[in-house]
Amino acid sequence: LLVVAFSAYLVVWVPWFASPRIMFYYPYPPAVPLLSILVAYWLIELWHKKQHVLVSLVIAAIVVGFALWLPNWMSWSVPVSFAERLYFVLPNWR
């Protein structure tokens, strides 16, 4: 399963990675389920190797990142100060 998922991820993503055009979001969503499978497999392997703290930190980072970016993905209104601090951390993100 791991080899198949990784190969499928590469088949979906590498042609777009090599493209000289500007990258937009639309070529990446087909690769997201495959990457999720790979991350889940990696976390399960770490769990079996008794790396519970690392697995917990990775899962916490995923949950926090999801919670912080959900308003942006769902087009919810947020206070300007929140958007300035989070979404526009880097000057070229404007």
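Residues numbered from 1 in each chain as written. Predicted model: local features only at pLDDT ≥ 70, side-chain atom pairs only at ≥ 80, totals over all residues. Heavy atoms only, no water.

K.L.:
Help me understand the packing of helix α1 (residues 2-17) against helix α2 (residues 32-48), please; the structure alone is not making it clear to me.
P.N.:
The geometry of a pair of packed helices is captured by two quantities: the angle between their axes and the separation between those axes. With their axes 9 Å apart at the nearest point, α1 and α2 run at an angle of 145 degrees to one another. As α1 runs across α2, the sense of the crossing is left-handed. The segment α1 lies against α2, with Leu2, Ala5, Phe6, Ala8, Tyr9 and Val12 engaging Leu34, Leu35, Ile37, Leu38 and Tyr41. Per-class residue counts for the contact of α1 with α2 are eleven nonpolar, no polar and no charged. (Axes fitted to C-alpha atoms, helices over the stretch in contact; angles between N-to-C directions. Helix = DSSP H or I, 4+ residues; strand = E, 2+ residues; numbered from the N terminus. Left-handed = near helix turned anticlockwise from the far one by under 90°. Contact = heavy atoms within 4.5 Å. Nonpolar A, V, L, I, M, F, W, Y, C, P; charged D, E, K, R; others polar.)

K.L.:
How do you make sense of the nonpolar core when you look at a structure like this?
P.N.:
Nonpolar side chains in soluble globular proteins tend to be buried together. Among the nonpolar cores identified, the biggest contains six residues, and these are Ala5, Tyr9, Trp13, Ala31, Leu34 and Leu38. Of all the secondary structure elements, the ones that give two or more residues to this core are α1 and α2. No other element matches the three residues that α1 contributes to this core. With residues up to four places along the chain from it excluded, the contact list for Tyr9 reads Tyr28, Ala31, Leu34, Leu35 and Leu38. (Core = buried A, V, L, I, M, F, W, Y, C linked by side-chain atoms within 4.5 Å. Buried < 20%, exposed > 50% of the residue type's maximum accessible area, 1.4 Å probe, protein only.)

K.L.:
I keep staring at α2 and nothing clicks. Help me out?
P.N.:
Structurally, the α-helix is built with 3.6 residues per turn, so residues lying three or four positions apart point the same way. In this model α2 runs 24 Å from its N-terminal to its C-terminal C-alpha over 17 residues, within 8% of the 24 Å that 1.5 Å per residue would give. Of all the residues in α2, the buried ones are Leu34, Leu38, Leu43 and Leu46. Its buried side turned inward, α2 meets α1 and α3 (52-73). (Expected span 1.5 Å × (residues − 1).)

K.L.:
Sorry, what's going on with α1 here?
P.N.:
Compared with the 22 Å implied by 1.5 Å per residue over 16 residues, the 21 Å span of α1 between its first and last C-alpha is a close match. Taking the largest bend as the criterion, α1 deviates by roughly 30 degrees, centred on Val11, and proline Pro15 comes between one and four positions later. Taken together, the buried positions of α1 are occupied by Ala5, Tyr9 and Trp13. Turning to α1, the residues buried within the fold contact α2. (Bend = angle between axes of the 7 residues up to and from the residue.)

Just geometry here; none of it tells us what the structure is for.
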